Amino acid sequence: MKTASRLKVDQRDAKLVMAHFYVAFISLAIGGMAGLLQVLVRSGLFELPAGIGYYQLLTLHGVVLALVLTTYFIMGFQIAAVSRTSGTLTAVQRKLGWTGFIIMTIGTAMAAIMILLNEASVLYTFYAPLQAHAVFYLGLAFVIVGSWFGSAVILLKYRQWRKENNKAVSPLLTFMAVVNSIMWIVATIGVAATVLLQLLPWSLGLVETINVGVSRTLFWYFGHPLVYFWLLPAYMAWYVIIPKIIGAKIFSDSLARFSFILFLLFSIPVGFHHQLMEPGIDATWKFLQVVLTFIVIIPSLMTAFSLFATFEGYGRSQGAKGLFGWLKKLPWKDARFVVPFIGMVAFIPGGAGGIINASNQMNQVVHNTIWVTGHFHLTVATTVLLTFFGISYWLVPHLTGRILTKEMNNLAITQGVLWFVGMTIMSGAMHAAGLLGAPRRSSFSEYGGSSVAADWIPYQVAQGIGGSILFLSIILMLYIFINLAFFSPKGEQDFPVGEAGHEAEKTPKVFENWKIWIGITVALILFAYTIPFIDLIQNAPPGSKGYKLW
Amino acid sequence: MAQPETVKKQKKGEEEPSFKGAFVSVLIVGLFIIITWFGVFILFNYRF
């Protein structure tokens, strides 16, 4: 009875998860519309009506997609995963989850209203010395604090499970959600510090100037692990859920846990690779963080091998022959597999581009060009997002007591393919134009008839075409989401959770010795940041007053 | 005592699946990373 109840997420937990998903998909609609308008403006063939500013729209796009959609989806998905694998939440845990949801939503509304009033066109990185309205920063602080409640739910449930099971090895999905939550809490301390101690007093006029170097460093201390906070839930699906969907076993439970531990250790002390072109940070410390960044390639390649091995193992068990015959045996008609698979493929050029970005001096070639925009539209906006869509195709009907029909499944595959086509055109054109020097974060301009700038325009038209195809894909996604949430036939949709093969080695208990892992995480952060951070404060140039350039 | 271990080993040897395809796939991914990296490195040397 206990096992049977665990196979399904409890209805009370399902409501909490769906609340998160509603906000996530409303964000997709708003952010997607903003994205479409941006690519059309940048093509030079369209002007924004009604006094809407390009940078206002760009801020809206970045904030609601990169910050709101991702955080809400991840919080919802992790709560569902923990409820499914470690048991239904207690009343206290669920109440904490709702409290976090409400705090985050109040914060989101505050930030969104300020953006819509054109009081906060500071883009999603909210770099000083651009200065937004204090309510915008306060809203962001609410979102961060709310997310800590959601993370606390995961950690409390995990602690309860371990207590009830004599400290046995925890369910893999729960373990992964715990790693991601710990990383999130450690990372958000940085952004909370800059928002509460620097940006908020500065925007309220309590202090006149701000130390820009410190604020950017605190932002990127958070900003890079943020990337992994997006990516790890996708890896959760790849390692644990996809094997079950295709009918295979998890390649290795230990390898999956080890790669997650490596992400916890090495995704935080690496923020300087976003600041390679900035003054005020000694080259030695930049180089050190570049080396630490490159260590994160190891768990990514471990993940790649593990996935290929899962697919090959399954294909061979079905009688596949030859070096790549196993590819043919994969379920190419199942959207729950195909859509995340497109995301996996996109991570190959996405990861390769990331290595180029982080390669110290080579960053000069691409820094602040639209190559970077092309890069993160492959990683977060394809790899992560298509995996989230793939998860939604079974998780939404699972939570609402409905099923993914054949018709919706086929439509979902169309959605994934359209995304692939649109993103190949848009991101490909962004990468190419970036290598030709086209800047990111900039509205359409002919730059006084410059011949160099003229070369970028055909690529901007291509981005307009790709972006329009992506918008069609978003409409399809929203249609499918609404169908699965409200109209699809009633039934039981499985929440697939893979198991390790019988021949797999026993998982070492050391992976759950958090004193070791959190200790090393903190030590690495102190090692990578203490001296350059003191330097940024002691040898700071005069602080900057706030600017409103919009 | 020794006999079951031998049997186990043989059984394990027989069941060991082939991951040649996965290995070659990862090598292809690695090669793609190296090629793109050197592509931009050449551009870097040319420009700076």
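A quick note: this is a predicted structure, and the numbers were derived from the prediction, not measured.

Caption draft 1: Expanded view of the environment of isoleucine 182 of chain A. Residue and element names in this part refer to chain A. Locating isoleucine 182 in the fold gives a position in helix 6 (residues 172-203). Note on isoleucine 182: relative accessible area 10%, which makes it buried. For isoleucine 182, the residues in contact, after removing those within four places along its chain, are Leu155, Leu264, Trp514 and Ile518.

Caption draft 2: Broad picture of the pattern of salt bridges. All names here are of chain A. All told, the structure shown has nine salt bridges over all chains when counted by the stated rule. Close ionic contact of glutamate 512 with arginine 257 constitutes a salt bridge, the shortest N to O distance being 3.6 Å. Residue glutamate 512 is located in the loop between helix 15 (451-487) and helix 16 (514-538), and its partner arginine 257 is located in helix 8 (residues 253-266); the two are separated by 255 residues in the primary sequence. Across the pair, exposure class does not vary: glutamate 512 and arginine 257 are buried alike. Several salt bridges converge on common partners, so that one network encompasses Arg162, Asp253, Arg257 and Glu512.

Caption draft 3: Examining the interface of chain B and chain A more closely. Taken together, the 22 residues of chain B in the interface contact 26 residues of chain A. Each partner contributes to the roughly 2,200 Å² buried at the junction of chain B and chain A, and carbon and sulfur atoms together form 81% of this total. On inspection of chain B and its partner chain A, the count reaches zero salt bridges. Linking chain B with chain A are five residue pairs in polar contact (both at pLDDT 80 or more), by the criterion used here. Top element by residues in the side of chain B that touches chain A is helix 2 (residues 20-47) of chain B. It accounts for 18 residues. A breakdown of the residues in the side of chain B that touches chain A according to their chemical character gives 15 nonpolar, four polar and three charged.

Caption draft 4: Inspection of the packing of aromatic side chains at higher detail. Residues and elements named next belong to chain A. Evaluated as defined, the whole model comprises 48 aromatic pairs over all chains. Taking 6.4 Å as the distance between ring centres and 25 degrees as the angle between the ring planes, the aromatic pair formed by phenylalanine 73 and phenylalanine 77 counts as stacked. A residue pair is termed a helical-turn pair when its members lie 3 or 4 positions apart in one helix, as phenylalanine 73 and phenylalanine 77 do in helix 3 (residues 54-86) at four residues. A residue is classified by how much of its surface remains accessible, and phenylalanine 73, at 1% relative accessible area, is buried. Consider the rings of phenylalanine 311 and phenylalanine 341, whose centres lie 6.0 Å apart with planes at 50 degrees: the pair is tilted. Here phenylalanine 311, found in helix 10 (residues 297-317), pairs with phenylalanine 341, found in helix 11 (residues 335-357); they are 30 residues apart in sequence, far enough to count as distant.

Caption draft 5: How the structure looks around helix 10 of chain A. Its 21 residues place the ends of helix 10 of chain A 30 Å apart at the C-alpha level, agreeing with the 30 Å of an ideal helix rising 1.5 Å per residue. Positioned one or two residues after helix 10 of chain A, glycine 319 of chain A has a phi angle of 90 degrees, which is positive.

Caption draft 6: Structural context of a nonpolar patch on the surface. Nonpolar side chains collect at one region of the surface, where Tyr22, Ile26, Ile30, Ile482, Phe486 and Phe487 of chain A lie side by side and expose about 590 Å² of accessible area between them. One can find phenylalanine 486 of chain A in helix 15.

Caption draft 7: View of the UniProt feature "transmembrane region" (unreviewed entry) in chain B. The residues that UniProt annotates with the feature "transmembrane region" (unreviewed entry) are residues 21-44 of chain B. Between the C-alpha atoms that bound residues 21-44 of chain B there is a distance of 35 Å. The span itself is 100% helix and 0% strand.

Caption draft 8: Here's a closer look at the packing of helix 13 (residues 370-400) of chain A against helix 15 of chain A. Residue and element names in this part refer to chain A. Between helix 13 and helix 15, the least distance of the axes is 10 Å, while the angle of their chain directions is 15 degrees. Classified by the angle between their axes, helix 13 and helix 15 sit roughly parallel to one another. Between helix 13 and helix 15 lies a crossing whose hand is left-handed. Each of Ile370, Phe389, Ser392, Tyr393, Val396, Pro397 and Thr400 in helix 13 lies in contact with helix 15, whose residues at this interface are Gln463, Met477, Ile480, Phe481, Leu484 and Ala485. Class assignment for the residues of the contact of helix 13 with helix 15 results in 10 nonpolar, three polar and no charged.

How each quantity is defined
Residues numbered from 1 in each chain as written. Chains lettered and ligands numbered in written order. Predicted model: local features only at pLDDT ≥ 70, side-chain atom pairs only at ≥ 80, totals over all residues. Heavy atoms only, no water. Helix = DSSP H or I, 4+ residues; strand = E, 2+ residues; numbered from the N terminus. Buried < 20%, exposed > 50% of the residue type's maximum accessible area, 1.4 Å probe, protein only. Contact = heavy atoms within 4.5 Å. Salt bridge = Lys/Arg side-chain N within 4 Å of Asp/Glu carboxyl O. Buried area = accessible area lost by both parts, 1.4 Å probe. Polar contact = N/O pair within 3.5 Å; in protein donor to acceptor, adjacent residues only side chain to side chain. Nonpolar A, V, L, I, M, F, W, Y, C, P; charged D, E, K, R; others polar. Phe/Tyr/Trp six-rings, centres within 6.5 Å; stacked < 30°, edge-to-face > 60°. Expected span 1.5 Å × (residues − 1). Patch = residues over 30% accessible without salt bridge, like charges linked within 9 Å, V, L, I, M, F, W, Y side chains within 5 Å. Areas by Shrake-Rupley, 256 points an atom, 1.4 Å probe, with all protein chains shown as cover. UniProt positions renumbered as here; feature names shortened; annotations may be inferred. Axes fitted to C-alpha atoms, helices over the stretch in contact; angles between N-to-C directions. Parallel < 35°, antiparallel > 145°, perpendicular 65-115°, else oblique. Left-handed = near helix turned anticlockwise from the far one by under 90°.

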